[in-house]
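Letter by letter, the chains look like this.
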Amino acid sequence: MNNETVFELRDVAYAYEGKQTALEHVSLSIQAGERVAVLGSNGSGKSTLLKLLDGLYFATHGVIRAYGQQLTEAAFDDDAFNFAFRRRVGLVFQDTDVQLFSPSVWEEMAFAPMQLALGRQEVEARVDDALRALRIEKLRDRAPHRLSGGEKRRVALASVLTLQPEVWLLDEPTTGLDPRSQSWLIDFIAEQGQAGKTVITATHDLSIVDAIAERVFVFDESHHLAAQGAAGDILADNGLLLACNLSHAHRHRHAETGEEHTHPHSHPPAHTHQHAAGSQGSTADVQSH
Amino acid sequence: MLNSPAYMHIPDGYLSPLTSLILFILVLPFWYRGVRGLRRRINARNVPLIALMAAFSFIIMMFNVPLPGGTTGHAVAGALVAIVLGPDIAVIAISIALIIQAIFFGDGGILQIGANCFNMAVVLPYISYAIYRLIAAGRPITSRRRVVGAAVGGWIGLTVAAFFAAVEFGIQPIFWHAADGAPLYAPYSLSVAIPAMVIPHMLIASVIEGLVAALVVLYLQRANTPVLEMAERPAGAVEAEASGSVSRLRWLWVGLIILVIATPLGLLAPGTAWGEWSSSQLANMGLMFIPHGMAALENLWGAPLAGYDLPALGNTSLGYVLSALVGVALVAIIAWLFTRLFASAQPHEGQKEQ
Amino acid sequence: MTSRAEPALPQPASVRRRNGMVERTLAGISQAMEHALFAEETARRAGLLQALDPRVKVLAMLALLIAVALSRSLAVIAGLYAVTLALAWASAIPLGFFIKRVWLFLPFFTGVIALPALFITPGPPLAQLPLGLAITRAGATTALFLLLRVSTSVSLAALLIFTTPWNDVLKALGVLRVPDAVILIFGMTYRYIYLLLRTANDMFLSRKSRVVGRLSGAEERRMIGASAGVLLGKSLHLSSEVYLAMQSRGYRSHSHTPSVATFVMRRRDWAALFIAALIAAAAIVLGR
């Protein structure tokens, strides 16, 4: 895998309408071919981060670079830049009802390649490939509002797959999926990773993190990057996860005794964590806990 | 179908093709204005915005609204959408909802898309919005005057729209009839069609239209004020700020101009239309027989304008213009009265518009 | 609908309350959904009209609608109505349903208007009724004109919708020079009508499940304000999210969305167009 840097963020902040803070002091970088998970509870800023990475929102403070070029509104006004960027980076929205706005599955899948002015034949070929790859040939002429939750998720992925992006941004892709579809989705992410694609998945579902990412970024509820590190290390740090509201004092069965416990909520609050901001933070921050 | 205000949705067969065509042509500049305005103002964002607002209008038309006394009905929601989006965009959103209703659900005729869009997607939103702005008088977004403005705007807007529909119906027997005198399309003269359309609307459908607009404005004032600010902001914040009162008046004028445009086409003749095409005249023309009950109604209706001596003028087109002006003046006076009424009732804190 | 939902609950017949606004709105919503579902189902059947190019169907429908509107002969309009019945039969649309749908819906508008016309249109009396009312010949003619014109026009529109997937109808509008951007908006509107229908449905259902007894009129009105307001907020939020989703896939304010219609006119399509034009022309000439 090459070591090209796909995204680089320096002290990025974003506030909705200039008021409501969604992200603050975020610095991180993501290499080409990496599989990364963005962990955080609801409202921690994961979705905002993906939209910033996709050039849909623009940092209110700090700098975001993609492939070395700064993402600004002005940059996207340039058709050539917009074209090149959109071709490489694809975002799958959490809400499939947002993602699927076309009257039929075929048109949904053809939308992106059509916008990128690919020829008619190329568009058709790409749609056919994607239909086959996701095994949704049957859905070709269906209307999105007649699809089940799992089917919608597949079509949402398919609508970006026709772009053949180098970078996947997936926002809570397991929302509303049954266990079977969920395992299918994990396989899909693995395949994309093997094909050398960069896959950045935002989720609060700890159970899939191991399978979809080598590296993890954790966001806390004050919209800061609380920690980053190898997936295994982060998942092992229950204190961190609790502090970021990603796990709770849950009931679980002790293997030896077979007894059920409820752990008390006695963990230190989030602010005892050092923020990874500024430093190319590492698991060191996490281990200080 | 049952799920919409069937009243206002003119089916095919009620208007002659020529009337439909004229109304279709009348709507075109408003569609053009809406689409152009869209492109200029919020550009690409508009594709989903219009689509969602059209879908919203469609759904709101299905809400069954109870009135005190047990009657229920449906709103067109033209007033509401105009208040939220401004009338230019409302024209497009409501037109799309109406066209989908016509083609997909058979609510309203396909050849009458022009007529129905003219009544419900042009007249209704522009008039409602003009009155809403007038009564709101630039008060803060949470002002009670805005609720009143929405109610009165919706009420007058749909009543005027019903009036237009009635005139469209009413002119049919004048021009189109079979060899034996049987009307080919809508059969009733203006003297029947106007009271038959306008009075029930004033009592029911228009009340519902105003009610829905007011209820939603009231809700948004409490729960979601940015939505109420939209129509005033994207219209070009600079423009609106520079000319607060001027732009308010402008909307009134747009509303009034629509009324006047229709005049030469004989589509409008408030209050006195049946004065001109009176039962005796129509009888002379061998077109119409007015039963006694209807004749009585006609007198009742004509009474307030008895002093308006139309026959003395002896000129049909002049009569039309005059009667249109009377109608326009009436709307303006009602709106003005409301403004005065609430201007004195409301303490003048926070006059400034944000 | 309500009675089916709660079959086990005892419901004294004497206390059958008037349906509230929630029930009526829910009924309206489910009716619209059933209509759409039925249309989708019949459009997939094998039949005469289903096999034709949607553009031909749109043009033919318009030509016949105009013929119906222009005709001054009852016989000609009746003839065109018979044509719609034959087409429905040949297109595997259940005839009973097709006729019922049109004629059940007529009274709501047309019946109210046509009925008095029977009596008040001047002319020689055709039949004498009690109360001094008389049906005049001209009155009967007028009423028949209205009823036949409306039912034939509604039938023509229904034929298009019951034999053509909505998406194809939209694409076919391209032949009428409807701009691509407008077709895009129509497609999106239709798609989100379903989402909002479902949202409204859930909203009312949840309200219904929480309310014991009947709401007062004032409470119902407050609820309408809140439901419509919530729906409005949701629609607006959705619209800005959808905009981002479009942008993310390369959509720009000035980008064109090429129509994806791939209709091909075959011989039978040309033949159908020719026949439709012929019928319309004949109807217009005969009905003068």
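Scroll up for the structure.
Being a predicted model, the structure only gives us computed values, none of them experimental. (Residues numbered from 1 in each chain as written. Chains lettered and ligands numbered in written order. Predicted model: local features only at pLDDT ≥ 70, side-chain atom pairs only at ≥ 80, totals over all residues. Heavy atoms only, no water.)

### Looking at unusual backbone geometry
Negative phi values dominate among residues other than glycine, just as trans dominates among peptide bonds.
All names here are of chain A.
Item 1. In the Ramachandran plot, Asp-11 falls in the positive-phi region, its phi being about 45° despite a non-glycine side chain.
Item 2. Mapped onto the elements of the fold, Asp-11 is located in strand E1 (residues 5-16).
Item 3. Even without a glycine there, the phi angle at Arg-135 is positive, about 50°.
Item 4. Topologically, Arg-135 is positioned in the loop between helix H6 (120-133) and helix H7 (149-161).
Item 5. Taking relative accessible area as the criterion, Arg-135 reaches 57% and is therefore assigned exposed. (Helix = DSSP H or I, 4+ residues; strand = E, 2+ residues; numbered from the N terminus. Buried < 20%, exposed > 50% of the residue type's maximum accessible area, 1.4 Å probe, protein only.)

### Some remarks on the pattern of salt bridges
Item 1. The full count for this structure, using the stated rule, is 22 salt bridges over all chains.
Item 2. Where A:Asp97 meets C:Arg198, a salt bridge forms, and the shortest distance between an N and an O atom there is 3.7 Å. Taken together, the positions of A:Asp97 in helix H4 (residues 96-99) and C:Arg198 in helix H8 (residues 180-210) put the pair across two chains.
Item 3. Between A:Glu107 and C:Lys171 there is a salt bridge whose closest N-O contact spans 2.8 Å. (Salt bridge = Lys/Arg side-chain N within 4 Å of Asp/Glu carboxyl O.)

### Examining the interface of chain A and chain C
Item 1. Opposite the 38 residues of chain A that make contact, chain C presents 34 residues.
Item 2. In this assembly, chain A packs against chain C so that about 2900 Å² is buried in total across both faces, 53% of it on carbon and sulfur atoms.
Item 3. The three residues of chain A that bury the most area against chain C are A:Phe101, A:Gln115 and A:His145, which together make up 23% of that side's buried surface.
Item 4. The tally of links from chain A across to chain C stands at six salt bridges.
Item 5. For C:Glu241, the salt bridge identified is with A:Lys51, shortest N-O distance 2.9 Å.
Item 6. Here chain A and chain C share eleven residue pairs in polar contact (both at pLDDT 80 or more) between them.
Item 7. Among the secondary structure elements, those contributing two or more residues to the side of chain A that touches chain C are helix H2 (73-77), helix H3 (79-88), strand E6 (89-92), H4, helix H5 (105-115), H6 and H7 of chain A.
Item 8. Broken down by element, the side of chain A that touches chain C gets its largest block of residues, seven residues, from H5(A).
Item 9. Residues that form the side of chain A that touches chain C fall into these classes: 16 nonpolar, eight polar and 14 charged. (Contact = heavy atoms within 4.5 Å. Buried area = accessible area lost by both parts, 1.4 Å probe. Polar contact = N/O pair within 3.5 Å; in protein donor to acceptor, adjacent residues only side chain to side chain. Nonpolar A, V, L, I, M, F, W, Y, C, P; charged D, E, K, R; others polar.)

### Focus on the packing of helix H2 (residues 46-60) of chain B against helix H3 (residues 78-85) of chain B
Residue and element names in this part refer to chain B.
Item 1. Where H2 contacts H3, the two axes come as close as 10 Å, and the packing angle between them is 155°. The orientation of H2 relative to H3 falls into the category roughly antiparallel. Helix-helix and strand crossings are classified by hand; for H2 and H3 the assignment is right-handed. Of the residues in H3, those touching H2 at Leu-49, Met-53, Phe-56 and Ser-57 are Leu-80, Val-81 and Leu-85.
Item 2. When its residues are assigned to classes, the contact of H2 with H3 shows six nonpolar, one polar and no charged. (Axes fitted to C-alpha atoms, helices over the stretch in contact; angles between N-to-C directions. Parallel < 35°, antiparallel > 145°, perpendicular 65-115°, else oblique. Left-handed = near helix turned anticlockwise from the far one by under 90°.)

### Overview of the environment of B:Ala150
All names here are of chain B.
Item 1. Relative to the helices and strands, Ala-150 is located in helix H6 (residues 144-170).
Item 2. Ala-150 gets classed as buried once you look at its relative accessible area, which sits at 1%.
Item 3. With residues near it in sequence (within four places) discarded, Ala-150 still touches Ile-83, Tyr-132, Gly-210, Ala-213, Ala-214 and Val-217.

### Some remarks on the interface of chain C and chain B
Item 1. On the chain B side, the residues contacting the 78 residues of chain C number 71 residues.
Item 2. Counting the surface lost from both chain C and chain B, the interface buries some 6700 Å², and carbon and sulfur atoms represent 79% of this.
Item 3. The interface formed by chain C and chain B holds zero salt bridges in total.
Item 4. In this assembly, chain C and chain B are joined by five residue pairs in polar contact (both at pLDDT 80 or more).
Item 5. Every element with two or more residues in the side of chain C that touches chain B is listed here: helix H2 (21-44), helix H3 (54-70), helix H5 (95-120), helix H6 (137-163), helix H7 (166-172), H8 and helix H9 (217-248) of chain C.
Item 6. In terms of residue count, H9(C) provides more of the side of chain C that touches chain B than any other element does, 21 residues in total.
Item 7. Its residues assigned to classes, the side of chain C that touches chain B comprises 51 nonpolar, 19 polar and eight charged.

### Here we look at the environment of A:Leu177
Item 1. Among the structural elements, A:Leu177 can be located in the loop between strand E7 (167-171) and helix H8 (179-194).
Item 2. Put simply, A:Leu177 and A:Gly149 are 28 residues apart on the chain and 6.8 Å apart in space, counted from C-alpha to C-alpha.

### Re the nonpolar core
All names here are of chain A.
Item 1. With 219 residues, the main nonpolar core has Phe-7 and Ile-200 as its most contacted residues.
Item 2. Those residues in contact with Ile-200 that lie beyond four places of it in its chain are Phe-7, Ile-30, Val-36, Val-38, Leu-50, Leu-53, Val-167, Trp-168, Leu-169 and Leu-170.
Item 3. Counting 50 residues, the second largest nonpolar core, distinct from the first, contains Val-92, Met-109, Val-127 and Val-209. (Core = buried A, V, L, I, M, F, W, Y, C linked by side-chain atoms within 4.5 Å.)

### Here's the deal with the packing of aromatic side chains
Item 1. This structure, assessed with the given rule, holds 30 aromatic pairs over all chains.
Item 2. Their ring planes at 20° and their centres at 6.1 Å tell us that A:Phe81 and A:Phe85 sit as a pair that is stacked. Residue A:Phe81 and its partner A:Phe85 are located together in helix H3, separated by four residues, close to a single helical turn. For the residue pair A:Phe81 and A:Phe85, the accessibility class agrees, reading buried in each case.
Item 3. Ring centres 6.4 Å apart and planes at 85° place the aromatic pair B:Trp176 and B:Tyr185 in the edge-to-face group.
Item 4. Three or more aromatic residues joined by ring pairs make a cluster, and in this case those are B:Phe58, B:Phe104, B:Phe105, C:Trp166, C:Tyr190 and C:Tyr194.
Item 5. Taking the ring centre of A:Tyr67 as reference, the NZ or CZ of A:Arg88 above it sits at 3.6 Å.
Item 6. Lying over the aromatic face of C:Tyr192, C:Arg191 brings its terminal NZ or CZ to 4.6 Å of the ring centre. (Phe/Tyr/Trp six-rings, centres within 6.5 Å; stacked < 30°, edge-to-face > 60°. Lys NZ or Arg CZ within 6 Å of the ring centre and 35° of its normal.)

### A closer look at H5(A)
Item 1. Counted residue by residue, H5(A) has eleven buried out of eleven residues, so it is predominantly covered.
Item 2. Within the sequence span of H5(A), burial applies to A:Val105, A:Trp106, A:Glu107, A:Glu108, A:Met109, A:Ala110, A:Phe111, A:Ala112, A:Pro113, A:Met114 and A:Gln115.
Item 3. Lining the buried residues of H5(A) we find H4, H6 and H7 of chain A together with H7 and H9 of chain C.
Item 4. A:Ala117 sits one or two positions beyond H5(A) and adopts a positive phi of about 55°.

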